[in-house]
Amino acid sequence: QTCAVVMLDIDHFKAVNDGFGHETGDQVLMAIGGILRGQFREGDAVARYGGEEFVACVASAKSSELVGLCERIRQAVGSHDWTRLASGLRVTVSVGASIHGDEPASLDALISRADIALYQAKNQGRDRVVLYNQGP
């Protein structure tokens, strides 16, 4: 049995709040929550982690399935019709993920690894998915 953690951060969310208002920012958060509910399976746990971050615990995931799920989420957010909320609004997300396989790993370690992968996604230009790689 494998377990994975996905961390997602809305790119340039401060600019959304500053440029379109906090009410629009709140609507973006709610819309992304809806997108996430539509992508994860029953039994997966998804929550707002703070500010503009979300975290999910995914049971029984393989690396390829996990990356596919994260890409579908990234694409669903990027292709959503945000202009219904505000003219000119565009929203993207960066996603980091970590997976527990054979090696023992606590939930805190998986979250920490997903967070590292998330920052790698942001540092590589945002609007992308990075899977944590422990290396050789």
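In the block above lies the structure referred to throughout.
Predicted, not measured: the structure shown is a model, and the values here were computed from it.

About the thresholds
- Positions within a chain are numbered from 1, following the residues in the order the chain's sequence is written.
- For a predicted model such as this one, the threshold for reporting local features is a pLDDT of at least 70, and the threshold for listing and counting side-chain atom pairs is 80 or more; totals across whole chains, interfaces and linings nevertheless cover every residue.
- With hydrogens and water set aside, each side-chain value is computed from the structure's full complement of heavy atoms.
- Labels follow the DSSP assignment, with helices taken as runs of H or I lasting at least four residues and strands as runs of E lasting at least two, numbered in each case from the N terminus.
- Here the globule rule is a power law, 2.2 Å times the number of residues to the power 0.38, and the radius of gyration is based on C-alpha atoms.
- Note on contacts: a residue pair is in contact if any heavy atoms of the two residues lie within 4.5 Å.
- Only the protein chains shown count as covering a residue, and every accessible area follows the Shrake-Rupley method with a 1.4 Å probe.
- Lys and Arg are tallied as positive, Asp and Glu as negative. Neither His nor the chain termini are counted.
- A single reference atom marks each charge: NZ on Lys, CZ on Arg, CG on Asp, CD on Glu.
- Grouping buried Ala, Val, Leu, Ile, Met, Phe, Trp, Tyr and Cys residues that are joined through side-chain atoms within 4.5 Å yields what is termed a nonpolar core.
- Any residue under 20% of the maximum accessible area for its type is buried, any over 50% is exposed, and the rest in between are partly exposed; the area is computed with a 1.4 Å probe on protein chains only.
- Any Lys or Arg side-chain nitrogen found within 4 Å of a carboxyl oxygen on Asp or Glu counts as a salt bridge.

With that out of the way, let us pick up the overall build of the protein. Scanning the protein from terminus to terminus reveals four helices and five strands. Walking the protein from its N terminus toward its C terminus, one meets helices and strands in the order β-α-α-β-β-α-β-α-β. For 136 residues, the compact-globule estimate of 2.2 N^0.38 gives 14 Å, and the C-alpha radius of gyration of the protein, at 15 Å, lies within 12% of that figure. Counting only C-alpha atoms, the protein reaches 50 × 30 × 20 Å along its principal axes. Long-range contacts, defined as pairs at least 24 residues apart, comprise 70% of the intrachain contacts of the protein with a sequence gap of at least 6. Accessible surface computed for the protein: about 7300 Å², of which carbon and sulfur atoms make up 48%. With 13 positive and 17 negative side-chain charges, the protein shows a spacing of 4 Å between the two charge centroids.

Before going further, it helps to spend a moment on the nonpolar core. Grouped together as the largest cluster of nonpolar side chains are 29 residues, with contacts concentrated most on Val6, Leu8, Ile10, Val28, Ile32, Trp82 and Val91. Broken down by secondary-structure element, the contributors of at least two residues to this core are strand 1 (3-10), helix 1 (13-20), helix 2 (22-39), strand 3 (53-59), helix 3 (63-79) and strand 4 (93-100). If near-sequence neighbours (up to four positions away) are discounted, Trp82 is found in contact with Val28, Ala31, Ile32, Ile35, Val77, Leu89 and Val91.

So, on to the pattern of salt bridges. In this structure the tally under the stated criterion is seven salt bridges. The partner of Lys122 in a salt bridge is Asp11, with the nearest N and O atoms 3.1 Å apart. Placement of the pair is Lys122 in helix 4 (residues 107-123) and Asp11 in the loop between strand 1 and helix 1, with a sequence separation of 111 residues. Of the charged contacts in the structure, one is a salt bridge between Glu71 and Arg74, with a shortest N-O distance of 2.9 Å. Highlighted residues: Glu71 and Arg74, both in helix 3, separated by three residues, approximately one helical turn. Accessibility expressed as a relative area gives 24% for Glu71, which makes it partly exposed. Looking at Arg74, the relative accessible area reads 16%, which means it is buried.

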